[in-house]
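Geometric and topological summary
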Amino acid sequence: MRDGFVKVAAGTPKIRVADCDYNAGQIIALMREAAAQGVKVLALPELCVTGYTCGDLFLQPTLLDGAERALGRILEETKELDLLTALGMPVRAGGKLFNCAVVLQSGIIVAIVPKTYLPNYGEFYEMRWFQPCERGWDETLIPQGDELAFGNYGSIGQALIRFPEMPELKIGVEICEDLWASDTPSRRLAEAGATIILNLSASDEVAGKADYRRQLVTGQSARLVCGYVYADAGDGESSTDLVFSGHNMIAENGTMLAEKRFDTGLTISEIDVQRLAYERQRLNTFPVANEAEKLYWDNAELTISDTTLTRPISPTPFLPTDESRRGERCEEILTIAALGLKKRLEHTNAPCAVVGLSGGLDSTLAILITAKAFDMLGRDRKGILAVTMPCFGTTRRTRSNAEVLALELGADFREVNIGRAVEQHFADIGQSMDDQSVTFENGQARERTQVLMDLANQRGGLVVGTGDLSELALGWATYNGDHMSMYAVNASIPKTLVRHLVGYEAERLGGGIGEVLRDILDTPVSPELLPPKDGEISQKTEDLVGPYELHDFYLYYAIRWGFPPRKVLRLAGCAFDGRYDKETLLKWLKSFYRRFFAQQFKRSCLPDGPKVGSVALSPRGDWRMPSDAAAKLWLDELEGI
């Protein structure tokens, strides 16, 4: 449970209809299995103690007495488990029968939650046996003598369970049809602070219904910014008229973490309640938690321990995860970026776009986006001026790739060798050519920007920036050099995504363009500011600042989600297990924080550029940070590891 991770499970026991003692044994076994696997919160199906399909047997005292005895057995035989469990059973109160979730822990009933919305259509006739909860109750419900608040959402309110030792963890419960309602109990629970919703369900299986259920669960978790655990009835329910598939799901903020169907047993994952709390804090659209008097609260205790993570943690969080839709997502990103440039060209009446084309990944993506913008405008691509500016570090390979790409795209191509201009500048300021320091490097970068700006002035055009999000995060850009442009199309695209988009275009376009794009992908990332060795690139960016795949991972979790450094490191250890050891991950994470804080001044004056994803560093809305903020707190946390 450390770092906000709570291991949860949806369980489907194999039952026998109306055999409460047998069902209790299956429930106990499933609870013990869950506890053995480190699960802290378990949801079981609706009416699983009796079986959902008992029909008119629900009106028989024999069945109801058996259910209460079964609950007593479950409480007694699981009192040693460090596990909160919600299970479904019929409950008698006030001379009526209610379809309830009984929430228990360590042999004690924590809460009893009634179903609010009862179906009475098609194959479901719950109102024949059960009462919708329309008013509050406060009486002894179970023979064991537990005094319980028992009410609905319109009067006394739904029980919400909180954990003092983990403030972000608050649990609410709804039952099956409650999720289908227009005003769900889970909505009110989430607004009161619940970060995890448990749904005890018995949803029959018909063709196409699984997709609908899946959309309901993931959509509700997204709307409520919560974790949602859906436990469904399955094997053992009567098949007289219906079949139940045990469709168990665990979702978090719109993402399906785990799912099983046509199976019994446990579906397990971890919900990050710390992440959910951060997102709710960030979103102005999510209301302030209202501990309304219509909600009754109860405390529960769980032992805080390390949680073994099984949830998917992608090493490339910026890349599309759905392989079947990857191409669609790439096209969407390229189109968003191109639309931004298209608007800027239209608004300024600029007839020309100037791109500094180095033969590297970033400038390649920039000219691909520019070509797409020109196509949208119905303009001849000859209006794109691709400029290569060889100097001391330029290799034949990158210079050739730049020219071939420009010609294949149908752009105008120009070479401006800046060597002599840079040498003259160095002579003017007294910079020795043998001194290959930062001045040697940045002098070339600034000269290139000057050339691009002046060529754009000659043609009445705009300079299209090539710097990407990863470079902005690390400050890996020359201030007033490649750092500056008139419109920065790559500004919110991280390096790992740049590579992916260029690969997508190589596959889509094929032919000569595809061939040169693939060679660019195989070229080491380099600013080419130091002389080559034996004709090969000598200055490799990732040898200096670290692997971009790590920095992009750190950027996503440290900035998008605000995770503490320890948590970022822990997730990186899972995502890159077997590829980087802990010392390497820690080294580059420290470097990330040092560079990110020290280089904010470069981000404070960024040119305009389109936002394409959930992470961007534009000072006009996405990231506002003083340029002299100290990184000490973040680095101190890492020093303690």
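Our subject in this report is the structure included herewith.

Parameters at a glance
Residues numbered from 1 in each chain as written. Predicted model: local features only at pLDDT ≥ 70, side-chain atom pairs only at ≥ 80, totals over all residues. Heavy atoms only, no water. Helix = DSSP H or I, 4+ residues; strand = E, 2+ residues; numbered from the N terminus. Buried < 20%, exposed > 50% of the residue type's maximum accessible area, 1.4 Å probe, protein only. Contact = heavy atoms within 4.5 Å. Areas by Shrake-Rupley, 256 points an atom, 1.4 Å probe, with all protein chains shown as cover. Lys, Arg positive; Asp, Glu negative; His and termini not counted. Charge placed at Lys NZ, Arg CZ, Asp CG, Glu CD. Axes fitted to C-alpha atoms, helices over the stretch in contact; angles between N-to-C directions. Parallel < 35°, antiparallel > 145°, perpendicular 65-115°, else oblique. Left-handed = near helix turned anticlockwise from the far one by under 90°. Nonpolar A, V, L, I, M, F, W, Y, C, P; charged D, E, K, R; others polar. Salt bridge = Lys/Arg side-chain N within 4 Å of Asp/Glu carboxyl O. Core = buried A, V, L, I, M, F, W, Y, C linked by side-chain atoms within 4.5 Å. Phe/Tyr/Trp six-rings, centres within 6.5 Å; stacked < 30°, edge-to-face > 60°. Lys NZ or Arg CZ within 6 Å of the ring centre and 35° of its normal. Pairing = 2+ DSSP bridges. Disulfide = S-S within 2.5 Å. Right-handed = clockwise from strand over helix to strand, strands pointing away.

**Description of the overall build of the protein chain**
Secondary structure summary: the protein chain contains 19 helices and 22 strands in total. The buried share among the 641 residues of the protein chain stands at 57%. Across the protein chain, contacts joining residues at least 24 apart in sequence account for 73% of those joining residues at least 6 apart. Summed over its atoms, the accessible surface of the protein chain is roughly 26100 Å², and 47% of this surface lies on carbon and sulfur atoms. Looking at charge distribution, the protein chain has the averaged site of its 69 positive side-chain charges lying 3 Å from that of its 88 negative ones.

**Considering the packing of helix α8 (residues 396–409) against helix α13 (residues 511–521)**
Where α8 meets α13, the closest approach of the two axes is 10 Å, and the angle between their N-to-C directions is 150°. What the angle tells us is that α8 and α13 run roughly antiparallel. For the crossing formed where α8 meets α13, the hand is left-handed. Taking contact as the criterion, the partners of Arg 397, Asn 401, Val 404, Leu 405, Glu 408 and Leu 409 in α8 are, on α13, Gly 512, Ile 513, Val 516, Leu 517, Asp 519 and Ile 520. Considering only residue class, the contact of α8 with α13 consists of seven nonpolar, two polar and three charged.

**Quick look at the pattern of salt bridges**
Under the definition given, this model contains 44 salt bridges. For Lys 79, the salt bridge identified is with Glu 76, shortest N-O distance 2.9 Å. Judged by its relative accessible area of 46%, Lys 79 is partly exposed. The shortest N-O distance in the salt bridge between Glu 549 and Arg 579 comes to 2.6 Å. Of this pair, Glu 549 sits in helix α15 (residues 548–560) while Arg 579 sits in the loop between α16 (565–575) and α17 (582–598), and the two are 30 residues apart along the sequence.

**Considering the nonpolar core**
In terms of nonpolar packing, the biggest core is built from 90 residues, with Tyr 554 and Phe 592 touching the most fellow members. Sequence-distant contacts of Tyr 554, defined by excluding residues within four places in its chain, comprise Ile 559, Val 568, Ala 572, Leu 585, Trp 588, Leu 589 and Phe 592.

**Digging into the packing of aromatic side chains**
For the structure on display, the rule yields 19 aromatic pairs. Judged by centre distance (5.4 Å) and plane angle (40°), the rings of Tyr 479 and Phe 601 are tilted. Of this pair, Tyr 479 sits in the loop between α11 (469–474) and β22 (487–488) while Phe 601 sits in helix α18 (residues 600–603); the two residues are 122 residues apart in sequence, bridging distant segments of the chain. Assessed through its relative accessible area of 35%, Tyr 479 is described here as partly exposed. A relative accessible area of 36% places Phe 601 in the partly exposed class. Here Tyr 557 and Phe 563 contribute two aromatic rings whose centre-to-centre distance is 5.7 Å and whose plane-to-plane angle is 20°, an arrangement assigned as stacked. By relative accessible area, Phe 563 is classed as buried at 4%. It is Arg 275 that lies over the ring of Trp 561; its NZ or CZ is 3.8 Å from the centre. A cation sits over an aromatic face here: Arg 379 above Phe 374, 5.7 Å from the ring centre.

**A word on unusual backbone geometry**
Both trends apply: most residues other than glycine have a negative phi, and most peptide bonds are in trans. Positive phi, close to 65°, is recorded for Asp 3, a residue that is not glycine. Among the secondary structure elements, Asp 3 is positioned in the segment before β1 (5–12). For Asp 3, a relative accessible area of 25% puts it in the partly exposed group. Located in the positive-phi region is Phe 262, a residue other than glycine, with phi close to 55°. Looking at Phe 262, the relative accessible area reads 55%, which means it is exposed.

**Digging into the sheet that holds strand β20 (residues 412–415)**
Read across the open sheet, the five strands follow the order β20-β19-β18-β21-β22; overall the sheet is parallel. Looking at the sheet topology across the chains shown, the edges are occupied by β20 and β22. Note: strand β19 (residues 384–388) against β20, four bridges, orientation parallel. Residue pairing for β20: Leu 385 is matched across the bridge by Asp 412.

**Quick look at the state of the cysteines**
Taken as a whole and assessed by the stated rule, the structure comprises zero disulfides. Cysteine Cys 176 shares no disulfide, and the gap to the nearest cysteine sulfur, in Cys 48, comes to 13 Å.

**Looking at the pairing of β1**
It is a general feature of regular strands that their side chains alternate between the two faces of the sheet. For β1, the buried fraction is high: eight of the eight residues fall into the buried class. Judged by which residues are buried, β1 turns out to be covered on both faces: Phe 5, Lys 7, Ala 9 and Gly 11 on one side and Val 6, Val 8, Ala 10 and Thr 12 on the other are all buried. One ladder, built from eight bridges, connects β1 with strand β16 (residues 265–272); its direction is antiparallel. Counterpart to Phe 5 in the pairing with β16 is Asp 272. Taken together, β1, helix α1 (residues 20–36) and strand β2 (residues 41–43) constitute a β-α-β crossover, and its handedness is right-handed.

**Examining the pairing of strand β11 (residues 170–175)**
Across the six residues that make up β11, a large majority, six, are buried. Side-chain alternation along β11 places Lys 170, Gly 172 and Glu 174 on one buried face and Ile 171, Val 173 and Ile 175 on a second face that is also buried. Where strand β10 (residues 159–162) lies against β11, three bridges are found, and the strand directions are antiparallel. Its bridge partner being in β11, Arg 162 is matched across the sheet by Lys 170. At this point the chain moves from β11, through helix α3 (residues 185–191), to the parallel strand β12 (residues 196–201), and the crossover so formed is right-handed.

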